[in-house]
Amino acid sequence: MSLNLQYEAIGKGFVQQYYALFDDPVQRPNLANMYNVESSFMTFEGTQLQGSVKIMEKLLSLSFQKISRAITAIDSQPMFDGGVIINVLGRLQTDEDIPQAYIQTFILKPIEGSFFVQHDIFRLVLHNTA
Amino acid sequence: MEYDYLIKFLALGDSGVGKTSFLYQYTDGVFNARFISTVGIDFREKRLVHQYKGRNHRINLQLWDTAGQERFRSLTTAFYRDAMGFLLLFDLTNEKSFLEIRNWIEQLRMHAYCETPDIVLCGNKADLEDRRVIKEWRAKEFADKLGISYYETSAATGQNVAIVIDALLEKVMIRMESAVDKAVLPGRRGRSRDLNEPEEYSPVASSSCSC
């Protein structure tokens, strides 16, 4: 497959759609459709998860009710298999907590004219030293 | 104001158990809160005078709070560093928060300055008696098994809040007193040695931890 030159639009469109589902507790379970049952990986704060079932278990176990987000940057690149790699830099606020910076990286894998999330890596931007 | 001791306590436990309210109650709503965004820490300071062995010690107490990142299980080592006492809170009306205490203790032992640091377990929200799901004997039995003290608290009414902090302070002061000779203090884990001795390996070195 060749490079998908729509990578920029795909990246932005995906991120918008993904967080719209994530940030709405009612819709969050629908994120399951973004991942593959077997061949999706997530690293959530250092915890390795494979497959949509484990990934959704993790996402649905998060205890906050409300989440709001401000996206600072979405950087995307096309991949040689027709996929797209996306890096998000943003801030999120859960309930009444103090806003926290985070980074999240997605790799979208093409499948039958669409994509699924093959890789998803999430970290809050917290350091070991002040 | 000068002080004799700077003592750092951490408040730990699942989100929503009332850590922030607890600390707020203790400081009468008056505190210097400071947030360090790079490490995700919110901390308050309170000056107090603690009587120990008939002597007054001026203490600058730092109370460290998470800033919500415990929801993601993301507490960095910076958070635990140099903490001398641990307030471990769960919500008496929330079974899961009680079950998670075991994990918090594991985390704490991994990151704290020694494997048996001073911990006080608090069953918070004791004012919500009609919604309670954790019986007092159950929490008490659990704490006894772990060898830590247990109190039922209410950040809303102030029940036992100051008593818990005092109890923890007392434990920490005792440990500090006994650690002075051995030069084993937080932040020096595993490197304890008699400062008067040369820095050579000593085969008769005693236990490296005062705890």
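Residues numbered from 1 in each chain as written. Chains lettered and ligands numbered in written order. Predicted model: local features only at pLDDT ≥ 70, side-chain atom pairs only at ≥ 80, totals over all residues.

Before going further, it helps to spend a moment on the overall build of chain A. From N to C terminus, chain A includes two helices and six strands. Helices (α) and strands (β) of chain A occur, in sequence order from the N terminus, as α-β-β-α-β-β-β-β. Looking at the 130 residues of chain A, the share that counts as buried comes to 20%. (Helix = DSSP H or I, 4+ residues; strand = E, 2+ residues; numbered from the N terminus. Buried ≥ 20, exposed ≤ 12 C-beta atoms within 10 Å, placed from the backbone.)

What follows covers the interface of chain B and chain A. The interface is formed by 19 residues belonging to chain B together with 14 residues belonging to chain A. Put simply, the parts of the chain that give the side of chain B that touches chain A at least two residues each are β2 (32–36) and α2 (77–80) of chain B. (Contact = placed C-beta atoms within 7 Å.)

Bringing the pairing of strand β4 (residues 55–66) of chain B into the picture now. Residues and elements named next belong to chain B. Pairing of strand β1 (residues 5–12) with β4, which is carried by six bridges, proceeds in the parallel orientation. Looking at β4, one finds that leucine 6 is bridged to asparagine 60. Sheet analysis places strand β3 (residues 41–52) next to β4, joined by twelve bridges and oriented antiparallel. Within β4, the residue paired with arginine 47 across the bridge is asparagine 60. Between the antiparallel neighbours β3 and β4 lie two residues, among them lysine 53 with a positive phi of about 50°. (Pairing = 2+ DSSP bridges.)

Residues and elements named next belong to chain B. Residues at a pLDDT of 70 or more form 82% of chain B, whose mean pLDDT is 84. In the model of chain B, β2 stands out as the element of lowest mean pLDDT, 71, in contrast to strand β7 (residues 149–152), which has the highest, 98. Low pLDDT, under 50, characterises residues 187–208; the predicted model gives this stretch 15 contacts beyond four residues in sequence or across chains. Overall fold confidence for the complex sits at a pTM of 0.80, while the interface term, ipTM, reaches 0.77. (pLDDT = per-residue confidence, 0-100.)

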